[in-house]
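Results of the structural survey
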Amino acid sequence: MNGKRRELGPDYDLIVVGASFAGLIAARAAAHRGLRVAVIDAKREPGARVRTTGILVKEAVDECDIPAALTRKIPGVRLYAPGGRSMDLSAPGYYFLATDTPAIMRWLARETARAGADLFFGMRFDDATLAEDRVILHGPGLSARYLLGADGAKSRVADVFGLGRNSEFLIGVETEFEETPTVDPDFLHCFIDTALAPGYLGWVVPGVGMTQAGVAVSNGPFGEKRKPDLAAFLKRTDPFFALWNCEVKAKRSGPIPCGGVVSPIATHRVLLTGDAAGLVSPLTAGGIRFAFQYGRRVSAAISSYLQDGGADPGAVMAREYPKFGVKKWMRRAWSLAPANPLIDAALFTPPMRALAQWIYFQKRADASLGRESQNNAPKYFYPKY
Ligand SMILES: Cc1cc2nc3c(=O)[nH]c(=O)nc-3n(C[C@H](O)[C@H](O)[C@H](O)COP(=O)(O)OP(=O)(O)OC[C@H]3O[C@@H](n4cnc5c(N)ncnc54)[C@H](O)[C@@H]3O)c2cc1C
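The structure contained in this document is the topic of the report that follows.

Thresholds applied
- Residues numbered from 1 in each chain as written.
- Predicted model: local features only at pLDDT ≥ 70, side-chain atom pairs only at ≥ 80, totals over all residues.
- Heavy atoms only, no water.
- Helix = DSSP H or I, 4+ residues; strand = E, 2+ residues; numbered from the N terminus.
- Buried < 20%, exposed > 50% of the residue type's maximum accessible area, 1.4 Å probe, protein only.
- Contact = heavy atoms within 4.5 Å.
- Areas by Shrake-Rupley, 256 points an atom, 1.4 Å probe, with all protein chains shown as cover.
- Phe/Tyr/Trp six-rings, centres within 6.5 Å; stacked < 30°, edge-to-face > 60°.
- Lys NZ or Arg CZ within 6 Å of the ring centre and 35° of its normal.
- Near = heavy atom within 4 Å.
- Polar contact = N/O pair within 3.5 Å; in protein donor to acceptor, adjacent residues only side chain to side chain.
- Pairing = 2+ DSSP bridges.
- Axes fitted to C-alpha atoms, helices over the stretch in contact; angles between N-to-C directions.
- Parallel < 35°, antiparallel > 145°, perpendicular 65-115°, else oblique.
- Left-handed = near helix turned anticlockwise from the far one by under 90°.
- Nonpolar A, V, L, I, M, F, W, Y, C, P; charged D, E, K, R; others polar.

This part covers the overall build of the chain. Regarding its fold elements, the chain presents eleven helices and 18 strands. Across its three principal axes, the chain shows a C-alpha extent of roughly 70 × 45 × 45 Å. Out of the 385 residues in the chain, the part that is buried amounts to 55%. In the chain, once contacts between residues fewer than 6 apart in sequence are set aside, the share between residues at least 24 apart is 74%. For the chain, the exposed area adds up to about 16600 Å²; of that, 52% sits on carbon and sulfur atoms.

Right under this line is the structure:
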């Protein structure tokens, strides 16, 4: 960029802060729509410092076609009660995808650059000013007609512009192990244990070329601090998977917003999306699907606003972002962490089994394939990987 161009007007139509799921999808779509787009991210390269397990629900893949080579299909969920008994859940036509998340980030970054966006890594957003319908970033000296904050659960963009902040979190920790045959690859293995994982779950995932094991907890109902204890979880699950002695390949941890969409999500020329906006299901703690879905929608709204005099994107997205009403209350109820013996007694009753099925699969089964009763779906409905 040269000085002359800056005098003529903003460098970009849109600057996106955050080159992860939400930011890259939004930037790619906006560039395809003809906007001049820049993406900035503090991390040194795409795929660095991944903080997620990276499980994609089927809807996420329907939003953004991901190369199959970077994923592994998992058709079912095996849900373990505290006492060790388990039930298998699945729905015809439905699956989850484990992912090679760093590779997906690199692929998405390439796609975004190919669409015409400029990507700047190692560039942190610290502060900015709004001046005459133009947002000027301090430090990098870039400016744009619109700023999209896709900078995660503890958004600096939200801070700087006085937007809503996430205030309720799960804290997740995860270790990546070498791939092991002890983990049945047809299931996400989810452990309910309110002593080890109060407010959420522990999980073991047959990942892409490795195994992931993690645990997340919420704070108590009155704000009491809780910390996830991954070592205790690994000991607890050792009889099933013997991960304790496997080679550790990576470790990660991070906060997961679980209090629903923040308010306000926008101000003049600035909008939040992804985790920054609180777009994470309070019940399942999944956010990637919403990052994809609303990343695309916000870029459509911003393009319409900048190119065609469309409605203010903040007002549009305030109508469109989900409310998560019932799910927020279910999350708060689960943070009460009912005693393990109670869960052992109740989990295998028909109403609780139906609730578990609803939480994992909701109305997601493909109706055209819905010949089997959901709980009796054949185990190897899909080709094995
Ligand atoms: C342990 C854990 C496991 C999870 N597992 C799953 C799962 O299996 N499936 C699922 O759907 N969801 C999962 N989630 C949630 C999911 O990871 C998030 O919902 C998703 O990553 C949100 O994407 P995002 O693009 O909004 O934000 P993020 O992925 O958090 O990306 C934010 C980006 O902004 C950048 N950034 C931050 N601040 C600045 C700044 N000041 N300047 C410049 N750049 C900045 C960061 O470097 C980062 O690249 C998990 C979360 C955690 C913590």
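A few words on the packing of aromatic side chains. Summed over the entire model, instances satisfying the criterion amount to 16 aromatic pairs. Ring plane angle 80° and centroid distance 5.4 Å describe the contact between Tyr-94 and Phe-96, whose orientation is recorded as edge-to-face. Residues Tyr-94 and Phe-96 agree in their burial class; the two are buried. Among the aromatic residues, those joined into a ring-pair cluster are Tyr-80, Phe-191, Phe-233, Phe-240 and Phe-241. The residue whose ring lies beneath Arg-78 is Phe-187, and the NZ or CZ to ring-centre distance is 4.1 Å.

This part takes up the site of the ligand. Taken together, 31 residues sit near the ligand, with Ser-20, Asp-41, Ile-55, Phe-125 and Asp-275 positioned nearest. Here an oxygen atom of the ligand and a backbone polar atom of Ile-288 are 3.0 Å apart. Look at the ligand: alone it shows 1000 Å² of surface, and the protein chains cover 87% of it. Of all the secondary structure elements, the ones that give two or more residues to the shell around the ligand are helix H2 (21-32) and strand E16 (248-257).

To continue, consider the pairing of strand E15 (residues 210-218). The buried count for E15 comes to nine of nine residues, which makes it a mostly enclosed element. Here E15 shows two buried faces, one formed by Met-210, Gln-212, Gly-214, Ala-216 and Ser-218 and the other by Thr-211, Ala-213, Val-215 and Val-217. One ladder, built from nine bridges, connects strand E12 (residues 169-178) with E15; its direction is antiparallel. Counted as the bridge partner of Glu-174 is Gly-214 from E15. Relative to E15, strand E14 (residues 202-206) runs antiparallel, the two being bridged by five bridges. By the bridge assignment for E15, Val-205 is matched with Gln-212. Once E14 ends, the chain turns through three residues before running back antiparallel as E15, passing Gly-209 with a positive phi of about 75°.

This part covers the sheet that holds E14. An order of E6-E5-E13-E14-E15-E12-E16 is seen for the seven strands of this open sheet, with the pairing classed as mixed. The two strands at the open ends of the sheet, each matched to only one other strand, are strand E6 (86-89) and E16. Each strand axis lies, on average, 20° off the axis of its neighbour in the sheet, ignoring direction. In the sheet, strand E5 (residues 76-80) pairs with strand E13 (residues 187-191) via five bridges, with the strands oriented parallel. Bridging across to E13, Val-77 finds its partner in Leu-188. The sheet contacts of helix H11 (residues 350-361) involve E5, E6 and E13, and relative to E6 the element is tilted by about 50°.

Attention now goes to the packing of H2 against helix H4 (residues 101-114). Relative orientation of the contacting elements H2 and H4 amounts to 25°, with a least axis distance of 9 Å. By the criterion of interaxial angle, the relationship of H2 to H4 is roughly parallel. Remark: the crossing between H2 and H4 carries left-handed chirality. Counted together, Phe-21, Leu-24, Ile-25, Ala-27 and Arg-28 of H2 and Thr-101, Met-105, Trp-107, Leu-108, Ala-109, Glu-111 and Thr-112 of H4 form the full contact between these two elements. Classifying every residue of the contact of H2 with H4 gives eight nonpolar, two polar and two charged.

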